[in-house]
Amino acid sequence: KEIITAENVKLSYGNYEALHGINLSFHEKELTALIGPSGCGKSTFLRCLNRMNDDIENIKITGKIMFEGQDIYSPKMDLVSLRKEVGMVFQQPTPFPFSVYNNVAYGLRIAGIKDKELIDQRVEESLKEAAIWEETKDNLNRNAQSFSGGQQQRICIARALAVRPKVVLLDEPTSALDPISSSEIEETLMELKKQFTFIMVTHNLQQAGRVADQTAFLMNGNLIEAGPTEKMFIAP
Ligand code: ADP
Ligand code: ADP
């Protein structure tokens, strides 16, 4: 089942057109990898999907992006609820400079949840899902930025999952990490895609081959090819 559909998405930064008309659908509980050379527009396109790049000066976006049948660029769209449904994890682990607990609880508090027991429960659940509970359960008050890079990225994943998004956008989530942390995060994503839909930018073809159900290849702001990953990679 399709959860997000992009129709003829064009995007310009001033006079520079970075996306020339992208048509691509994302399916529920799948992981899609967006691959392609540096500067081809992967990150630009990813950020359109939860309107993360709205505030950039001189940006112009046309076309249509439907999320569960709603046009996300319609004036009726509520950005806070869009970003609750479509979360984001960045390349550099970026936990806020406060406790693990307060990082993971952050989105819940923005969503107006005040029930302490519910927040405690959701924090624990999310840290477990991101496979970082064992390392944090006795240190929930410790500053999240004092953990290792891989651990910080997991805390960020837990923070994204805590609000129960339907889709999580990942912008090169492992490229700042060592190979072991990186492959552990891949395993976690494989497990989590039973529950969530992921759209991940990666420059790592092998990674796409390992984790993605669908792979989309962009070049110079165009979608060159998209399809089931096993059909995109022809064995040598
Ligand atoms: P990728 O993620 O594939 O490396 P990006 O989406 O980051 O590519 O960038 C696509 C193109 O848009 C590049 O030429 C980049 O320089 C340009 N670009 C990205 N962000 C901005 C911006 N805020 N202002 C102007 N140009 C930008
Ligand atoms: P502060 O922002 O004052 O540093 P803390 O990070 O110490 O706050 O604690 C933030 C919240 O985390 C508090 O509501 C606290 O009750 C809760 N908390 C801390 N440790 C645990 C724990 N082990 N289990 C459940 N909740 C906890």
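The preceding data block contains the structure.
Treat the numbers as computed from the prediction; the structure is a model and nothing was measured.

Draft legend 1. Looking closely at the site of ligand 1. Taken together, the neighbourhood of ligand 1 is formed by Tyr 13, Tyr 16, Ala 18, Pro 37, Ser 38, Gly 39, Cys 40, Gly 41, Lys 42, Ser 43, Thr 44 and Ile 56. Within the backbone of Gly 39, one N or O atom sits 2.7 Å away from an oxygen atom of ligand 1. Take Gly 41: an N or O atom from its main chain is 3.0 Å from an oxygen atom of ligand 1. Summarising the interface, the protein chains cover 60% of the accessible area of ligand 1, which totals 570 Å² for the free molecule. Mapped onto the shell around ligand 1, the elements with two or more residues apiece are β2 (16-27) and α1 (42-48). The biggest single contributor to the shell around ligand 1 is α1, with three residues.

Draft legend 2. Local environment of the pairing of β2. The sheet contact formed by strand β1 (residues 2-13) and β2 spans nine bridges and is antiparallel. Bridged to Tyr 13 within β2 is Tyr 16. Counting the residues in the hairpin turn of β1 and β2 gives two residues, including Gly 14, whose phi is positive at 60°.

Draft legend 3. A look at the packing of aromatic side chains. Inspection of the entire model under this criterion finds five aromatic pairs. Measuring from ring centre to ring centre gives 4.6 Å for Phe 96 and Tyr 106, while their planes differ by 50°; the resulting arrangement is tilted. Of this pair, Phe 96 sits in the loop between β6 (86-89) and α3 (100-110) while Tyr 106 sits in helix α3; the two residues are ten residues apart in sequence, bridging distant segments of the chain. Judged by relative accessible area, which is 36%, Tyr 106 ranks as partly exposed. An aromatic cluster is built from Phe 96, Phe 98 and Tyr 106, whose rings are joined through pairwise contacts. The cationic tip of Arg 142 hangs over the ring face of Phe 147; the distance from NZ or CZ to the ring centre is 3.9 Å. Note that Arg 159 overlies the ring of Phe 96, its terminal NZ or CZ placed 4.1 Å from the centroid.

What counts and how
- Residues numbered from 1 in each chain as written.
- Chains lettered and ligands numbered in written order.
- Predicted model: local features only at pLDDT ≥ 70, side-chain atom pairs only at ≥ 80, totals over all residues.
- Heavy atoms only, no water.
- Near = heavy atom within 4 Å.
- Polar contact = N/O pair within 3.5 Å; in protein donor to acceptor, adjacent residues only side chain to side chain.
- Areas by Shrake-Rupley, 256 points an atom, 1.4 Å probe, with all protein chains shown as cover.
- Helix = DSSP H or I, 4+ residues; strand = E, 2+ residues; numbered from the N terminus.
- Pairing = 2+ DSSP bridges.
- Phe/Tyr/Trp six-rings, centres within 6.5 Å; stacked < 30°, edge-to-face > 60°.
- Buried < 20%, exposed > 50% of the residue type's maximum accessible area, 1.4 Å probe, protein only.
- Lys NZ or Arg CZ within 6 Å of the ring centre and 35° of its normal.

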